[in-house]
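# Architecture and fold: a report
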Amino acid sequence: ANALRAGLAMAAAAALLQAVVAIALVGLLAGLLNLTAARMTGVTQAVEIASFAAVALLGAGLLWSKARALAARLVPGAIRHDHPDGAPCGPGCGHGHLPPPAAARGWRSAAAAVLAAGMRPCSGAILVLVFSLSLGLFGTGIAAVLAMAAGTALTTGALAALAVLAKGTALRLA
């Protein structure tokens, strides 16, 4: 239940952040800097590349963490740790070497994932905002982008729920 709530909250936060970034970017570029649509596209592409790099770094960090945990399970003693009484972990100690789920998914990890996914403005939202701005209907464009964010949150939330339920089923079967 906690994992499901966290997944849904992360999906909603990332979708909303993505919409807010798109609105802020177009508003800033058009309003303060008076950039044309073509120039906005170039700036948006630079922001997208930075976001892709952040997602790649987050993925590399997760991969490293999971690879270490797998190595600890497959090769006893590969990653040494001590028990609370100070004795090293020996063969057949009888406990898992992975951190508990709550420790593995802290708020910092969730916030990093939301930021990495949400800081890249949606190219469709940029298109809608630039078009609505050119028609003098920027408020309507903002409403449309927020509606798009709600749809994204519902879709990714459904996928998160499916992943949580599939994991629970897989663990029960194993």
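Residues numbered from 1 in each chain as written. Predicted model: local features only at pLDDT ≥ 70, side-chain atom pairs only at ≥ 80, totals over all residues. Heavy atoms only, no water.

## Remarks on the packing of helix H1 (residues 2-32) against helix H6 (residues 138-173)
Using the following cut-off: Angles shown run from 0 to 180 degrees and are taken between the N-to-C directions of axes, each axis being a line fitted to C-alpha atoms and, for helices, limited to the stretch in contact. Each helix is a run of DSSP H or I of at least 4 residues and each strand a run of E of at least 2, with the numbering of both proceeding from the N terminus. Angle categories: roughly parallel below 35 degrees, roughly antiparallel above 145, roughly perpendicular from 65 to 115, and oblique for all the rest. Here a crossing is taken to be left-handed if its near helix is turned anticlockwise relative to the far helix by less than a right angle, and right-handed if that turn runs clockwise. Here, residues are in contact when the closest pair of their heavy atoms is within 4.5 Å. Following the grouping adopted for this structure description, the nonpolar residues are Ala, Val, Leu, Ile, Met, Phe, Trp, Tyr, Cys and Pro, the charged ones are Asp, Glu, Lys and Arg, and the polar ones are all others, Gly among them.
Running from N to C, H1 and H6 point in directions that differ by 155 degrees, and their axes come no closer than 8 Å. With respect to each other, H1 and H6 are oriented roughly antiparallel. Remark: the crossing between H1 and H6 carries right-handed chirality. Contacts between H1 and H6 involve Ala3, Leu4, Gly7, Leu8, Ala11, Ala12, Ala15, Leu16, Ala19, Ile23, Val26 and Gly27 from the first element and Phe138, Ile142, Val145, Leu146, Ala149, Thr152, Ala153, Thr156, Gly157, Ala160, Ala161 and Val164 from the second. Its residues assigned to classes, the contact of H1 with H6 comprises 19 nonpolar, five polar and no charged.

## Topic: the packing of helix H5 (residues 123-134) against H6
Direction vectors running N to C along H5 and H6 enclose 165 degrees, while the axes themselves pass 7 Å from each other. It follows that H5 is roughly antiparallel to H6 by the angle criterion. For the pair H5 and H6, the sense of crossing is right-handed. Here H5 contributes Gly124, Ala125, Val128, Leu129, Ser132 and Leu133 to the contact with H6, which in turn contributes Phe138, Gly141, Ile142, Ala144, Val145 and Met148. When the residues that make up the contact of H5 with H6 are grouped by side-chain class, the tally is nine nonpolar, three polar and no charged.

## Some words on the nonpolar core
Nonpolar side chains in soluble globular proteins tend to be buried together. Spelled out, the test is: What we call a nonpolar core is a set of buried Ala, Val, Leu, Ile, Met, Phe, Trp, Tyr and Cys residues that are connected through their side-chain atoms within 4.5 Å. In this scheme, a residue with accessible area under 20% of its type's maximum is buried, one over 50% is exposed, and one in between is partly exposed, where area comes from a 1.4 Å probe on protein chains only.
Formed by 14 residues in total, the largest nonpolar core has its most connected members in Ala22, Val26, Ile126, Leu129 and Val145. Breaking this core down by element, the ones donating at least two residues are H1, H5 and H6. Residues in contact with Leu129, not counting those within four places in the same chain, are Ala22, Ile23, Val26, Phe138, Gly141, Ile142 and Val145.

## Quick look at a nonpolar patch on the surface
Note the threshold: Candidates for patches are residues over 30% relative accessible area with no salt bridge; among them, like charges are joined within 9 Å and nonpolar side chains (Val, Leu, Ile, Met, Phe, Trp, Tyr) within 5 Å. Only the protein chains shown count as cover for residues, and the accessible areas themselves come from Shrake-Rupley with a 1.4 Å probe. Any Lys or Arg side-chain nitrogen found within 4 Å of a carboxyl oxygen on Asp or Glu counts as a salt bridge.
Side chains of Leu16, Val20 and Leu146 sit close together on the surface and give an oily, nonpolar patch of about 240 Å² of accessible area. Within the fold, Leu146 resides in helix H6.

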